[in-house]
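Each chain, letter by letter, is given below.
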Amino acid sequence: MAHISGLQGGAINPNAGNVIRPPTGEGQPAARPGESRQPQIANGTVVDGLVVGKDGEAYQVRIGTNLLNARSTVQLFIGQRFRAVWDSSATPPLLRLQQADLAVLSRFSGRDQQIALALLTRGLPVKEDVIWSLRQQWSQSGGDPAKLGALAELWARGMEMTEGNVALLSWYMELSPDMAMQIWKKLREKLRSRKFSSPRELLEALKDDDDPDVGNFLKAHSLAGKPARSGLDPTMLLAPAWWPIDDGENEPMMAKVSFSSDEKGDRQVWWVSFVMEGNSIGPVVGDVMTNSKALSVNIRMENESKVHVVRDNIQTLRDDLSELPLALQHIGVGVLAREERYGASNHGLDMEA
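Residues numbered from 1 in each chain as written. Predicted model: local features only at pLDDT ≥ 70, side-chain atom pairs only at ≥ 80, totals over all residues. Heavy atoms only, no water.

### Topic: the overall build of the chain
Along the backbone of the chain there are 10 helices and 13 strands. The buried share of the chain, reckoned over its 353 residues, is 48%. Across the chain, the fraction of contacts at a sequence separation of at least 24, relative to all contacts at a separation of at least 6, is 58%. (Helix = DSSP H or I, 4+ residues; strand = E, 2+ residues; numbered from the N terminus. Buried < 20%, exposed > 50% of the residue type's maximum accessible area, 1.4 Å probe, protein only. Contact = heavy atoms within 4.5 Å.)

### Quick word on the side chain of Ser170
Position of Ser170 among the secondary structure elements: in helix α5 (residues 163-173). A relative accessible area of 19% places Ser170 in the buried class. Beyond its immediate chain neighbours, meaning those up to four positions away, Ser170 contacts Ala146, Lys147 and Ala150.

### Description of the packing of α5 against helix α8 (residues 212-224)
Working note: a packed helix pair is described by the angle between its axes plus the distance between those axes. Contact pair α5 / α8: the axes reach a minimum separation of 9 Å and the direction vectors enclose 100°. With respect to each other, α5 and α8 are oriented roughly perpendicular. Across from Asn165, Leu168, Leu169, Trp171 and Tyr172 in α5, the residues of α8 making contact are Asp213, Asn216, Phe217, Lys219, Ala220, His221, Leu223 and Ala224. A class-by-class count of the residues in the contact of α5 with α8 yields 8 nonpolar, 3 polar and 2 charged. (Axes fitted to C-alpha atoms, helices over the stretch in contact; angles between N-to-C directions. Parallel < 35°, antiparallel > 145°, perpendicular 65-115°, else oblique. Nonpolar A, V, L, I, M, F, W, Y, C, P; charged D, E, K, R; others polar.)

### Digging into the environment of Asp211
Tracing the sequence through the fold places Asp211 in the loop between α7 (199-207) and α8. Judged by its relative accessible area of 18%, Asp211 falls in the buried class. Separated by 28 residues in the primary sequence, Asp211 and Ile183 have C-alpha atoms spaced 9.7 Å apart. Look past the residues within four positions of Asp211 in its chain and what remains in contact with it is Lys186 and Lys190.

### Some points on helix α2 (residues 110-120)
Counted residue by residue, α2 has 9 buried out of 11 residues, so it is predominantly covered. Along α2, the residues that are buried comprise Asp112, Gln113, Gln114, Ile115, Ala116, Leu117, Ala118, Leu119 and Leu120.

### As for unusual backbone geometry
With an omega dihedral of -5°, the bond running from Thr91 to Pro92 counts as a cis peptide bond. Positive phi outside glycine occurs at Ser292, with the angle close to 75°. Overall, the relative accessible area of 21% leaves Ser292 in the partly exposed class.

### Focus: the pairing of strand β3 (residues 45-55)
Pairing of β3 with strand β6 (residues 81-87), which is carried by 6 bridges, proceeds in the antiparallel orientation. The residue bridging Asp48 from the neighbouring strand is Arg83, located in β6. Remark: 2 residues form the turn of the hairpin made by β3 and strand β4 (residues 58-63), two consecutive strands paired antiparallel; Gly56 in that turn has positive phi of roughly 65°. (Pairing = 2+ DSSP bridges.)

This is the structure we're talking about:
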């Protein structure tokens, strides 16, 4: 689990490397339509949460079943999981780093502290050799503070920290929901208008599309989905991608999506696995399997009491999937096993889009 980290008196941006003065304003639980406001969290409580929204320097976070407004001593990204001390004496409440995190940061100064913070907020090891490696790459890239977050993400996956890869991830990490939705609309139109012999062939063709946004979006997905280095927690890396949903509000959602494939004799099978956080139904894990001719879908939910919500809407999902040139063989809905919760896919991560 990543830990919120930072310094007193301001918030350090692990991507930009600058000190940001905390925002001011009244803090209160964030209520959505149909939801009641939740009880306040006791001051000094260590909380685990998920960043679900951002407005300037303020965040909307989900802690347990509570949706709350807060600010942080470090810059966070939407989709990030965190562990922090809840300071309700501040207005709005403040997510502060723990003493253990302060102790780690105190070992470094200057640029090395910025690198340490970028690693710490992602749940990555803060070690001298890692700091040295990133310092070298950061210097070679001109020391641009805006590139530090992307460099840390590439290091975590063992990917080349080239100028092109850094530029792709930096762009990807700054996409707004509106920008992501516009790109997805373009991508959907292209998917519907093209024929393909395999998912891999189609995705490779789209990466070289004439529209640079579509190609860059898919290439960045590919980088973001590469497996983590051995021993690292893959669920704590880059923020999940924006994926389109149709809930009448024309808004995208956040989901971690991984792709993998396997060859069995002369046959090849592809898997698409995803983890998402529903506003009202909680965490959902799913797997989609295809051999380029047929399709099988399995959906598991953490909140057993909400399984019926998905089952009641299975026909809508069937109708949506019927638009694909693949025969739908199976859709299953069940309860999420404990070992699957917030973890990686059962299949190896090998992102193709």
